[in-house]
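Overview (structure and organization)
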Amino acid sequence: MADLIQLLPDAIANQIAAGEVIQRPASAVKELMENAIDAGATELKLVIKDAGKGLIQVIDNGCGMSETDARMAFERHATSKIRAAQDLFAIRTMGFRGEALASIAAIAQVEIKTRRHSDELGTRILIEGSEVKTQEPCQCPQGTTISIKNLFFNVPARRNFLKSNPVEMRHINDEFQRIAIANSDIFFSLHHNNNEVFHLPAGKLRQRLIGVFGNPSNKKLVPVAEETEVLRLNGYVGKPEFAKKTRGEQYFFVNNRYIKSNYLNHAVVSAYEELLPNGTYPLYVIFIDIDPRRIDINVHPTKQEIKFEDERLVYNYLRVAVRHALGQYNIMPSLDFEQDPTFSQSAPIRPRPQQESTVNRTDAGGGSQKSAASGNPDETSRHSSNLRHWQDVYEGLDEFDTESSAPALTEGRNDEPLTLESDWQEEQAPASGEQPQKKKSPTQLHNNYIITQIKSGLMLLDQQAAHERILYEQYLNVLAQQKSTTQKQLFPRTLSLPPADAALLKELLEPVNQLGFDIQEFGANTFVINGVPAELAGKQDDLQTIESLLEQYKSNQELNLGTHENIARAMARSAAIKKGKVLETNEMQTLIDQLFGCQIPYLSPSGRRCFITMELDELAKRFEQ
Ligand code: ADP
Ligand code: MG
């Protein structure tokens, strides 16, 4: 009997292989763009017709190819990027399998024009279904232009399987954006059916993100940068209040290669903790640079998944880095310190006595959150930089007031700091001799909110939510550091509790006393209160505070918080100033200062917003008809 096994003809083998690499027009776009980048292009133009079903063309000004290489490039496993098996573990280029061009040529009509810098004439090759139709010298600019027509012309099943034009175009856009974001130093453009969809000049990452996501994204971005021996992280995360209802603006790049990772996504999202409103997704664009030997990118043919040697480590670094970034830039959602060199020049930071004392007072408000606090040496610098930013917000006002006393409502530049002095603020100023503070005095509304001017407009604080946040961080810190100040009671008081509450208090006596209480058991269900935390002394009824502390603790129990976290929350809740409490100007000022000395000033521990802001242009819009 004759032997049965035969080798497949190349054309068919290539067609089969192509199915792996090229699933849709967007996959071809990705492969061609990556080739252009590997070729050292500084300009890359992508031209698409009919969502890639008609034409996909990539024009680059990279190194080009010799006549022989141009022909070779379409052979399967032909690559200039890998020489030996061990190279596989140190891959820095995007492509490396030598499969893309061969695959594309197997299932489309391909024209390539390419010329190296040193050559006078270039090469033009026409291939259709893996068959070279034409190969000839040609005149062409340096670099390579590859045009793909009639993708899947000989694989009708595949072609019919393609989705509608809008869907396929969305996939192409996605690929284009990923590559454009990963290579901000390269010019990119994208034309679809003769419309220029993107025009992205080479520049810094921030500019590139603004180019891709649109102008308003400028004020949403918080830089992330962290370097360790094992890896380097940089990029941007979005401010929490701009988080979107859909995923989309979320990108990880490992050694400049776009990857998907639920695991790393979790690291970022968890760094936001309670900052994100439910059901929203934060923007992030994070580059992870790591020794290629510590990763395995060869997991999936389309190479969007990656294995790290030590995933846990990457997870932790990432989480801390994002947390740190959010902590450092969490002051004013709308102020962009990095973007505004002119401002910091015209507004030198002058320490003012009140703020210096804030450093001490809010010291406890610093390292409190679970993760970042754990032995983070940056804690103090982060904290002081918080204060510096806060000073920026306030101190800057004086300078601006003199420089531009007229309301500077310029159009279209939302990164410009604006000031607008209003009369009522001057009226409200206290008659004290503190000149620089005069115009800035915050004001209380309905004994519930505090309104104050900030550089970009105005800010409204919820006094109770803000105070809860401040106390919560202070208490967490006290519990972690085990230092507190107790105010001894002149006359100790006794507290009798129902048995269940008494049992709970007994259980919690140690941490509660750590907060500054001095409570002792005194027979069955009774306690003696010898002292209370210094900041509460004389302000509230201590018995009531303790009872409400226990109530809060119990109601938090279903949240499964740790004991310290729960006590800090419960105590913050019961000790915070409440709605309806009249505040003096200096109390309001201290509250504001302390809030912005906090790690997470946005939300109260139970998730209420501590403040909202309104920008001047927003305000101006409200006055338009
Ligand atoms: P890979 O990128 O994995 O090496 P490809 O099939 O995508 O495989 O490309 C094969 C080879 O063709 C590349 O290794 C490279 O040498 C060459 N090549 C492809 N595109 C270009 C380009 N735009 N400019 C210069 N050389 C290119
Ligand atoms: Mg390639």
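Cut-offs applied
Residues numbered from 1 in each chain as written. Chains lettered and ligands numbered in written order. Predicted model: local features only at pLDDT ≥ 70, side-chain atom pairs only at ≥ 80, totals over all residues. Heavy atoms only, no water. Helix = DSSP H or I, 4+ residues; strand = E, 2+ residues; numbered from the N terminus. Buried < 20%, exposed > 50% of the residue type's maximum accessible area, 1.4 Å probe, protein only. Contact = heavy atoms within 4.5 Å. Areas by Shrake-Rupley, 256 points an atom, 1.4 Å probe, with all protein chains shown as cover. Axes fitted to C-alpha atoms, helices over the stretch in contact; angles between N-to-C directions. Parallel < 35°, antiparallel > 145°, perpendicular 65-115°, else oblique. Left-handed = near helix turned anticlockwise from the far one by under 90°. Nonpolar A, V, L, I, M, F, W, Y, C, P; charged D, E, K, R; others polar. Salt bridge = Lys/Arg side-chain N within 4 Å of Asp/Glu carboxyl O. Phe/Tyr/Trp six-rings, centres within 6.5 Å; stacked < 30°, edge-to-face > 60°. Lys NZ or Arg CZ within 6 Å of the ring centre and 35° of its normal.

**A short note on the overall build of the chain**
When helices and strands are counted, the chain shows 20 helices and 22 strands. Counting across all 625 residues of the chain, residues that qualify as buried make up 51%. For the chain, the proportion of contacts with a sequence separation of at least 24, taken over those separated by at least 6, is 70%. A total accessible area of about 29700 Å² is found for the chain, and carbon and sulfur atoms account for 50% of it.

**Comments concerning the packing of helix α2 (residues 25–38) against helix α6 (residues 165–182)**
Packing of α2 against α6 brings their axes to within 8 Å, and their N-to-C directions diverge by 20°. In terms of axis orientation, α2 runs roughly parallel to α6. The hand of the α2/α6 crossing is right-handed. Contacts between α2 and α6 involve Pro-25, Ala-26, Val-29, Lys-30, Met-33, Glu-34 and Ile-37 from the former and Glu-168, His-171, Ile-172, Glu-175, Phe-176 and Ile-179 from the latter. Of the residues in the contact of α2 with α6, the class split is eight nonpolar, one polar and four charged.

**A few points about the pattern of salt bridges**
The tally for this structure, following the rule as stated, stands at 21 salt bridges. Here Glu-175 and Arg-178 are joined by a salt bridge, their closest N and O atoms 3.4 Å apart. Of the two residues, Glu-175 and Arg-178 both sit in helix α6, three residues apart, roughly one turn of that helix. Under the relative-accessibility criterion, Arg-178 is labelled buried at 11%.

**Topic: the packing of aromatic side chains**
Counted by the stated rule, this structure contains eleven aromatic pairs. Residues Phe-176 and Phe-198 carry aromatic rings whose centres are separated by 5.3 Å and whose planes lie at 25° to one another, so their mutual orientation is stacked. Of this pair, Phe-176 sits in helix α6 while Phe-198 sits in strand β8 (residues 195–200), and the two are 22 residues apart along the sequence. Judged by relative accessible area, Phe-198 falls into the buried class, the value being 10%. Centroid distance Phe-253 to Phe-287: 4.7 Å. Interplanar angle 15°. Geometry classified as stacked. Note that Phe-253 is positioned in strand β11 (residues 250–254) and Phe-287 in strand β13 (residues 284–290), a separation of 34 residues in sequence. Considered together, Phe-253 and Phe-287 belong to a single accessibility category, that of buried residues. Members of the aromatic cluster, connected to one another through ring pairs, are Phe-213, Tyr-251, Phe-253, Tyr-258 and Phe-287. A cation sits over an aromatic face here: Lys-163 above Phe-161, 5.6 Å from the ring centre. Taking NZ or CZ as reference, Arg-312 lies 5.2 Å from the ring centre of Tyr-315, over its face.

**Section: unusual backbone geometry**
Here the phi dihedral of Asn-194 falls at roughly 70°; this positive angle occurs in a residue that is not glycine. Summarising the element assignment, Asn-194 is placed in the loop between β7 (187–192) and β8. Positive phi, close to 45°, is recorded for Asn-255, a residue that is not glycine. Mapped onto the elements of the fold, Asn-255 is located in the loop between β11 and β12 (257–259). On the basis of relative accessible area, Asn-255 is assigned to the buried category, the value being 11%.

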